[in-house]
Amino acid sequence: MHKLRSLSAATLAELLSRWSARLKSTGGRPSAPLGSRILLNPDDIFKHNMWDHVQWTEEDKENACQKAKENSSEQIPLKEQGKFDIEACQYWDTFYETHQDKFFKNRKWLFLEFPELLPSDAESQTRNTLTRQHEHISSTDLLRHSSHHQESCKAADLENNEGPIQSSAFPGQHTSFKILEVGCGVGNSVFPILNSIKEKDAFLYCCDFSPRAIQLVKEHPDYDDSVCHAFVHNICEEVASFPFPPQSLDVILAVFVLSSIHPERMQGVVNRLSTYLKHGGVFLFRDYGRYDFSQLRFKKGRCLSENFYTRGDGTCVYFFTKEEVHHLFSNAGLEEVQNLEDRRLQVNRGKKVAMHRVWMQSKYRKTHPSSTS
């Protein structure tokens, strides 16, 4: 159980200083809200289900490191590990067959953290709705305009006469704003996005390697193939093709997806996906961070390799550091826009238990060749 500690004056000052610096660096808006509910008094811990921007003590870090070391001390034998990679599709298909669309909740936080998903004209219309849904978040923390990213993309294409690579007709070809979500599951990001881009000049592609997941997406009452194309696709397959040409996407979204892939495959996946971004397009990433509570609660015998585990249902999960995330995307030729470690305290008020959660949240842009010289 979490040990309750009040924030010292020095710690609070450091936190406020970082927040102020982030505001200044982004023209009055932080690079990502990541919440604004700060636990100042430990007596208040059970008043809410989640506290944001949690500072870890050295003792917290040492305890987490020790737990991860202990639960990874016994690894699954190499000869038994192959099935978790080779049969990953079957494991996830069974998962969705079992849980249908009841396991994960729709990601209503999506546009607060990733306003780049919204075409610029849709962004202003969504602002008031998001404010009402997230009253605990400061109004200055809401939406960071994505219009700059879109306009810079268009300007670069005009200046250098380089648009998307042309090919035969494909779904969404004539729309000006194209999004791809990889590992879409049953649509917990898909349908919030679709509801926000309706009647806009935008199109959403979404894929998953689980046929059952894609079937559930297409059976959803909000699925509309005039603005969305859902398809089965394994992003680990090097020769698998997408239903759109390279350099045609404005945004790629990967939420809790790369962590399910074997670490040795991750770089190739990011490299291939990045070729489909337009110059100026952005790759949005959110996933598990090192020493998240879900890593520390693994029992011995579930570890495949360092910081990579398999759950009881056969699905796998990796836990990232900021440095690893940066290495992954910069090696794919993308430029860092944001790379944050989101540390929160999740509270079970019924059981009076608090858990450290750690997530990575990042944005990387594909720059125009002329801007990298």
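See the structure printed just above.
All values reported here derive from a predicted model rather than from experimental measurement. Along each chain, the written sequence defines residue order, and numbers are assigned to residues from 1. Local features are withheld for residues below a pLDDT of 70 in this predicted model, meaning they are given only at 70 or higher, and side-chain atom pairs are given and counted only at 80 or more; totals for whole chains, interfaces and linings count all residues. Note that water and hydrogens are dropped before the side-chain values are worked out from all heavy atoms of the structure.

Novice: Before we move on, can you summarise the overall build of the protein with the specific residues and values?
Specialist: Labels follow the DSSP assignment, with helices taken as runs of H or I lasting at least four residues and strands as runs of E lasting at least two, numbered in each case from the N terminus. Looking only at helices and strands, the protein has 12 helices and 11 strands in total. The buried share of the protein, taken over its 373 residues, is 49%. Here a residue-residue contact requires only that any non-hydrogen atoms of the pair lie within 4.5 Å. Restricting the contact set of the protein to residue pairs at least 6 apart, pairs at least 24 apart contribute 75%. About 18100 Å² of surface is accessible on the protein, with carbon and sulfur atoms providing 49% of the total. Burial here depends on accessible area, computed with a 1.4 Å probe over protein chains only, as a share of the maximum for the residue type. Under 20% is buried, over 50% is exposed, and the range in between is partly exposed. Exposure was quantified through the Shrake-Rupley algorithm and a 1.4 Å probe, taking into account, for residues, occlusion by the shown protein chains and nothing else.

Novice: Lay out the sheet that holds strand β1 (residues 50-51) with the relevant residues and their values.
Specialist: In a beta sheet, neighbouring strands are held together by backbone hydrogen bonds and run either parallel or antiparallel to one another. If you trace the 8 strands from one edge of the open sheet to the other, you get β1-β10-β11-β6-β5-β2-β3-β4, paired in mixed fashion. Edge positions in the sheet fall to β1 and β4 (228-232), since each has one partner strand and no second. By this definition, two strands are paired if DSSP reports at least two bridges between them. Where strand β2 (residues 177-182) and strand β5 (residues 249-255) come together, 4 bridges link them in parallel fashion. For L180, the partnering residue across the bridge sits in β5 and is I252. Structural elements are reduced to axes, namely lines fitted to C-alpha atoms, with helices fitted over the stretch in contact, and the angle between N-to-C directions of any two is expressed from 0 to 180 degrees. Against the sheet, helix α10 (residues 263-274) makes contact with β2, β5 and β6 (277-288), and its axis sits at roughly 145° relative to β6, the strand it touches most.

Novice: Explain the packing of helix α4 (residues 88-99) against helix α9 (residues 211-219) residue by residue, including any values.
Specialist: With their axes 7 Å apart at the nearest point, α4 and α9 run at an angle of 40° to one another. Between α4 and α9, the interaxial angle falls into the category oblique. Seen from α4, the contacting residues are C89, D93, Y96 and E97; seen from α9, they are P211, R212, A213 and L216. Oblique is the label for any angle not under 35 degrees, not over 145, and not in the 65 to 115 range, which are roughly parallel, roughly antiparallel and roughly perpendicular in turn.

Novice: If you had to explain the packing of aromatic side chains to someone new, which residues and values would you point to?
Specialist: Note on ring pairs: Phe, Tyr and Trp rings are taken, using the six-membered ring of Trp, and paired if centres are within 6.5 Å. Classes follow the plane angle, with under 30 degrees stacked, over 60 edge-to-face and the rest tilted. Enumeration over the complete set of coordinates arrives at 18 aromatic pairs. Aromatic side chains F203 and Y205 sit 4.9 Å apart centroid to centroid with 55° between the ring planes, which places their arrangement in the tilted category. Residue F203 is classed as buried on the basis of its relative accessible area, which comes to 4%. Here, a charge over a ring is recorded when the distance from Lys NZ or Arg CZ to the ring centre is within 6 Å and its angle to the ring normal is within 35 degrees. Over the ring of W56 we find R343; its NZ or CZ atom is 4.3 Å from the centre of that ring.

Novice: Tell me about the sheet that holds strand β8 (residues 308-310), residues and numbers included.
Specialist: Strand order in the open sheet formed by 3 strands is β7-β8-β9, with antiparallel pairing between adjacent strands. Edge strands, defined here as strands with exactly one partner in the open sheet, are β7 (303-305) and β9 (316-318). Put simply, the sheet's adjacent strands are angled 30° from each other on average, direction ignored. Sheet topology places β8 next to β9; 3 bridges connect them, and they run antiparallel. Pairing of F308 across the sheet is with Y318, part of β9.

Novice: Hey, could you go over unusual backbone geometry for me, with residue numbers and the actual values?
Specialist: In this structure, Y291 takes a positive phi of about 70° despite not being glycine. The topology assignment puts Y291 in the loop between β6 and α11 (293-296). The class of Y291 is partly exposed, set by a relative accessible area of 22%.

Novice: Just give me the short version of the environment of K278, but keep the residues and values in it.
Specialist: Positionally, K278 belongs in strand β6. Taking the C-alpha atoms as reference, K278 lies 9.8 Å from K178; in sequence the two are 100 residues apart.

Novice: Pulling in residues and values, what's your account of the nonpolar core?
Specialist: L180 and F329 are the most contacted members of the largest nonpolar core, which has 40 residues in total. Elements with a contribution of two residues or more to this core: β2, β3 (202-208), β5, α10, β6, β9, α12 (322-330) and β11 (353-365). Among residues more than four places away in sequence, those in contact with F329 are L258, V270, F283, F285, L334 and Y364. Joining through side-chain atoms within 4.5 Å is the link that ties buried Ala, Val, Leu, Ile, Met, Phe, Trp, Tyr and Cys residues into a set, and such a set is a nonpolar core. One finds I214, Y223, A230 and V255 within the second-largest nonpolar core, a separate group that totals 27 residues.

Novice: Lay out the pairing of β2 in plain terms, naming residues and giving numbers.
Specialist: Burial within β2 is extensive, with 6 of its 6 residues counted as buried. Here β2 shows a buried face lined by F177, I179 and E181 and a second buried face lined by K178, L180 and V182. One ladder, built from 6 bridges, connects β2 with β3; its direction is parallel. By the bridge assignment, K178 is partnered in β3 with F203. Following the backbone out of β2, through helix α8 (residues 190-197) and into the adjacent parallel β3, one traces a crossover that is right-handed. A right-handed crossover is one whose linking path, passing over the helix from the first strand to the second, runs clockwise when the strands point away from the viewer.

Novice: How would you sum up α8? Please name residues and give values.
Specialist: Buried residues dominate α8, accounting for 7 of its 8 residues. Of the residues making up α8, those classed as buried are V190, F191, P192, I193, L194, S196 and I197. With its phi angle positive at about 60°, E199 sits one or two positions after the end of α8.

Novice: Residues and numbers for the pattern of salt bridges, please.
Specialist: By definition, a salt bridge exists where a carboxyl oxygen of Asp or Glu is found within 4 Å of a side-chain nitrogen of Lys or Arg. All chains considered together, the criterion is met by 12 salt bridges. D85 is the salt-bridge partner of R265, the closest N and O atoms lying 3.1 Å from each other. Of this pair, R265 sits in helix α10 while D85 sits in helix α3 (residues 78-86), placing them 180 residues apart in sequence. For R265, a relative accessible area of 34% gives the class partly exposed. D85 sits in the partly exposed class, given a relative accessible area of 28%. Measuring nitrogen to oxygen at the nearest pair gives 3.0 Å for the salt bridge that ties K363 to E116. Placement of the pair is K363 in strand β11 and E116 in the loop between α5 (110-113) and α6 (120-133), with a sequence separation of 247 residues. Judged by relative accessible area, which is 1%, K363 ranks as buried. Judged by its relative accessible area of 6%, E116 falls in the buried class. Each of D52, E113, R286, D342 and R344 takes part in one network of salt bridges that share partners.

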